[in-house]
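Structure at a glance
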Amino acid sequence: MYAIFVTGGKQYKVAEGDVIFVEKLGVAEGEKVTFDQVLCIGGETLNVGTPYVAGATVVANVVKNGKSKKIDVIKYKSKKNEKKKIGHRQDYTKIQIEKIEG
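Each value, and the rule that gives it
- Residues numbered from 1 in each chain as written.
- Predicted model: local features only at pLDDT ≥ 70, side-chain atom pairs only at ≥ 80, totals over all residues.
- Heavy atoms only, no water.
- Helix = DSSP H or I, 4+ residues; strand = E, 2+ residues; numbered from the N terminus.
- Buried < 20%, exposed > 50% of the residue type's maximum accessible area, 1.4 Å probe, protein only.
- Contact = heavy atoms within 4.5 Å.
- Polar contact = N/O pair within 3.5 Å; in protein donor to acceptor, adjacent residues only side chain to side chain.
- Pairing = 2+ DSSP bridges.
- Axes fitted to C-alpha atoms, helices over the stretch in contact; angles between N-to-C directions.
- Patch = residues over 30% accessible without salt bridge, like charges linked within 9 Å, V, L, I, M, F, W, Y side chains within 5 Å.
- Areas by Shrake-Rupley, 256 points an atom, 1.4 Å probe, with all protein chains shown as cover.
- Salt bridge = Lys/Arg side-chain N within 4 Å of Asp/Glu carboxyl O.
- Lys, Arg positive; Asp, Glu negative; His and termini not counted.
- Charge placed at Lys NZ, Arg CZ, Asp CG, Glu CD.

Let's talk about the environment of Lys32
Locating Lys32 in the fold gives a position in strand β4 (residues 32-35). What makes Lys32 exposed here is its relative accessible area of 53%. Separated by 66 residues in sequence, Lys32 and Glu98 place their C-alpha atoms 9.2 Å apart. In contact with Lys32, not counting residues within four places along its chain, are Val59, Ala60, Asn61 and Glu98. Looking at Lys32, its side chain comes within polar contact range of the side chain of Glu98, at 2.7 Å.

Focus on the sheet that holds strand β7 (residues 57-67)
Strand order in the open sheet formed by 4 strands is β3-β10-β7-β4, and the pairing between neighbours is antiparallel. The open sheet is flanked by β3 (19-23) and β4, the only strands paired with a single partner. Going across the sheet, the axis of each strand differs from the next one's by a mean of 45 degrees, ignoring polarity. The pairing of β3 with strand β10 (residues 91-101) spans 5 bridges and is antiparallel. Within β10, the position partnered with Val22 by the bridge is Thr93.

Here's the deal with the side chain of Thr57
Tracing the chain through its elements places Thr57 in strand β7. The residues touching Thr57, leaving out its near neighbours within four places in the chain, are Thr34, Phe35, Asp36, Val38, Lys99, Ile100 and Glu101.

Quick look at a positive patch on the surface
Taken together, the side chains of Lys24, Lys67, Lys70, Lys85 and Arg89 define a basic patch exposed on the protein surface. Relative to the assigned elements, Arg89 resides in the loop between β9 (82-88) and β10.

Things to note about the sheet that holds strand β6 (residues 47-48)
Strand pairing in a sheet relies on backbone hydrogen bonds. The paired strands run either parallel or antiparallel. The strand order across the open sheet formed by 4 strands is β2-β1-β5-β6, and the pairing between neighbours is antiparallel. Both outer strands of the open sheet, β2 (10-15) and β6, are each paired with one neighbouring strand and no more. Relative to strand β5 (residues 38-42), strand β1 (residues 2-7) runs antiparallel, the two sharing 4 bridges. Bridge pairing in β5 places Tyr2 opposite Gly42.

Dropping the structure here:
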């Protein structure tokens, strides 16, 4: 059984037991989080929502909150002596899918 749900403006396809990285949720480690914006539930039969499946939820456990690797952005304009270096680290939440209901 699998589900496709939305969080942080992105869609994720998951099955029970999967571990994924999503945008920062603001939930402490060890707590449970429930996603109710489920687009599709598949398995023996396919249940597609319009736009969401009524009564369907995905329950997950927060494993870790952290930051991803640093990304360097360099802006350069030739012949103008303009250089600019910017760094960015995106926050994430690592979750483990426990249950798919619906």
